[in-house]
Amino acid sequence: MIYIFVILYIVGLAAISVITSKKFNSVDDFLLGGREMGPWISAFAYGTTYFSAVIFVGYAGSVGYGNGISGILVGFGNAFIGSMLAWFVLAKRTRSFTGKYNISTMPEFFEKRYDSKGLKIASAVIIFVFLVPYCASVYQGLSYLFEISLGIKFEYCIIAMAAITAVYLFFGGYFTTAFVNMFQGIIMIVGVILMVAFIMYNPKVGGFVNGISQLKSIDPKLVSFNPLDISNVIVMTLLTSVGSWGLPQMVHKFYTIKDEKAIKSGMIISTLFALLIATSAYFVGAFGRFFIESGAVADTSTVVPVMITAALPELLVGLVIALVLSASMSTLSSLVLVSASSIAVDLLKGHFKKDMDNKSVVLVLRVLCVIFVIVSLIVALDKNNAIVTLMSYSWGTISGCFIAPFLYGLYWKGMTKAGAVSGIICGLGINLIGFLFVHNAPLTGVIAMFASLAVVPVVSLCTAKYSNKFNEEIMKF
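Cut-off values and rules
- Residues numbered from 1 in each chain as written.
- Predicted model: local features only at pLDDT ≥ 70, side-chain atom pairs only at ≥ 80, totals over all residues.
- Heavy atoms only, no water.
- Helix = DSSP H or I, 4+ residues; strand = E, 2+ residues; numbered from the N terminus.
- Buried < 20%, exposed > 50% of the residue type's maximum accessible area, 1.4 Å probe, protein only.
- Contact = heavy atoms within 4.5 Å.
- Areas by Shrake-Rupley, 256 points an atom, 1.4 Å probe, with all protein chains shown as cover.
- Salt bridge = Lys/Arg side-chain N within 4 Å of Asp/Glu carboxyl O.
- Axes fitted to C-alpha atoms, helices over the stretch in contact; angles between N-to-C directions.
- Parallel < 35°, antiparallel > 145°, perpendicular 65-115°, else oblique.
- Nonpolar A, V, L, I, M, F, W, Y, C, P; charged D, E, K, R; others polar.
- Core = buried A, V, L, I, M, F, W, Y, C linked by side-chain atoms within 4.5 Å.
- Patch = residues over 30% accessible without salt bridge, like charges linked within 9 Å, V, L, I, M, F, W, Y side chains within 5 Å.

Novice: I would appreciate a short explanation of the overall build of the chain in the present structure.
Specialist: Secondary structure assignment for the chain yields 19 helices and zero strands. Every one of the 477 residues in the chain was classed for burial, and the buried ones make up 61%. For the chain, the proportion of contacts with a sequence separation of at least 24, taken over those separated by at least 6, is 87%. Summed over its atoms, the accessible surface of the chain is roughly 17600 Å², and 70% of this surface lies on carbon and sulfur atoms.

Novice: Please explain the pattern of salt bridges as it appears in this structure.
Specialist: Scanning the entire structure with this criterion turns up four salt bridges. Between Lys-92 and Glu-260 there is a salt bridge whose closest N-O contact spans 3.7 Å. Here Lys-92 is found in helix H5 (residues 72-100), whereas its partner Glu-260 is found in helix H12 (residues 260-285), with 168 residues between them in sequence. Classification of Lys-92 by relative accessible area gives partly exposed; the value is 45%. Measuring nitrogen to oxygen at the nearest pair gives 3.2 Å for the salt bridge that ties Lys-120 to Glu-111. Side by side, Lys-120 and Glu-111 carry an identical accessibility label, which is buried. Each of Glu-111, Lys-117 and Lys-120 takes part in salt bridges that share partners, so that together they form one network.

Novice: Please clarify how the environment of Phe-198 should be interpreted in this entry.
Specialist: With respect to the helices and strands, Phe-198 occurs in helix H8 (residues 154-200). Remark: the alpha-carbon pair of Phe-198 and Leu-316, spanning 118 residues in sequence, is separated by 9.1 Å. Contact partners of Phe-198, with chain neighbours within four places excluded, come to Ala-311, Leu-312, Pro-313 and Leu-316.

Novice: Got a minute to help me understand the packing of helix H3 (residues 39-50) against helix H11 (residues 248-255) in this structure?
Specialist: Between two packed helices, what matters for the description is the angle formed by their axes and the separation of those axes. Viewed as axis vectors pointing N to C, H3 and H11 meet at an angle of 175°, and their least axial separation amounts to 9 Å. In terms of orientation, H3 lies roughly antiparallel with respect to H11. Along its contact with H3, which presents Ala-45, Tyr-46, Thr-49 and Tyr-50, the element H11 presents Gln-249, Met-250, Lys-253 and Phe-254. Considered class by class, the residues forming the contact of H3 with H11 number five nonpolar, two polar and one charged.

Novice: Would you mind going over the nonpolar core with me for this structure?
Specialist: Across soluble globular proteins, you tend to see nonpolar side chains buried next to one another. Phe-51, Phe-56, Ile-199, Phe-287 and Phe-402 are the most contacted members of the largest nonpolar core, which has 123 residues in total. At 14 residues, the largest contribution of residues to this core is made by helix H14 (residues 314-352). Each residue touching Phe-402, except ones within four places of it in the same chain, is listed here: Met-106, Phe-110, Ser-123, Ile-126, Ile-127, Gly-246, Pro-248 and Ile-424. Residues Leu-13, Met-161, Val-180 and Ala-322 belong to the second largest nonpolar core, which totals eight residues.

Novice: What should I look at first to understand a nonpolar patch on the surface in this one?
Specialist: Taken together, the side chains of Leu-432, Ile-433, Phe-435, Leu-436, Phe-437 and Val-438 present a nonpolar region at the surface, about 640 Å² in accessible area. The residue Phe-435 is located in helix H17 (residues 417-438) in this model. Residue Phe-435 is classed as partly exposed on the basis of its relative accessible area of 48%.

Novice: Would you explain the environment of Leu-312 in this entry?
Specialist: Mapped onto the secondary structure, Leu-312 falls in the loop between helix H13 (303-311) and H14. Using a relative accessible area of 6% as the deciding quantity, one classes Leu-312 as buried. Residues Leu-312 and Leu-194, 118 residues apart in the sequence, show an inter-C-alpha distance of 9.1 Å.

These results come straight from atomic positions and should not be treated as a statement about function.
Listed below in structure tokens is the structure:
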């Protein structure tokens, strides 16, 4: 039954890809779906890109298992800061700016906003380099689930998922990806509701009240919301919630929205989706220790797969696998599109071969999607790379570099090129120091983001300003 569910899921993907695939005559068609995405498609695209196997297998295992019920705070942060507030603050202005100046990537935004090709090139390279380990972490999360639940070897799982992602991206671009995300989002909603219900009413948990009581008897800190007891939960909340504001694959969804009316509806849908998915993942992770026979685990990435296999009937195990598969493949497709565009649009056409026609750029985009999948696959095949560590360093570095130049650039005329450069250097430098000396990826990422947000306005106030004419013109959108 599990195999049947997975096969049906793949067939569903193939059917959507065939139905929605079409000829692409421009880069906008391939990357942005013609900027005609409605509220439901945009909201599901945002939500399914946000949550992948990393949250269900990596974070739910490490945060939920390690900290108990307080892990749900991360889910609330993801819903209200990472989704609702991000849509409220960023969506309208991002759509207007990128639409006016025909921008399809974040590096293009930096080039136009700061009149700097150097910023465009630097940001494109950062995106390509640091999204590779992000993709690798998603592949690893999937493989742990498949290996434990289905007994399929780690390597085979990763290779199969990479192949499927590469195929539907190559033929469909963003238009197909958006409709696939809608399909995947529905599976995620059904799957997560059933997963929570069966785990909570499994005899080992015995319902909510009994489950909380058992956690408290093991360690009172597992049901504590004392800031001193949950400092790492607070750090993870900040990293995954505020961090989404500076991630190119998340911001990209705002480029594609049809109109302002769609933004208002999309914000509500996206928030409710995030609230359900994220809080559910962290919530069930807290009860993972009831299903670990030895009482302790060497690798928390195995907690959720073991729990799912033990608590759910075979039919629902297949559905939950489809749930995690959906979350992961939607995230992968967005990451790959953003990464491929950083090379094809921002570097190749934008700098080295400016006379490339649209058809040539789209062809290069398709080929680069496949290449990026392969490179990420090679990194993922090294099981020594822990899921949460890979994800945290990628997330923290990219958002640390981009969150301040992007956010201030949308709203503040006083931003300078030096200020934007300082934000990128600050984010990159702090994460490099953290990687070499601190060895705490989530904390390093949070420090990088907030340091960048503090440094950028100070540097901008102290450095040469753009002309009034430039500022007035660039901010008319």
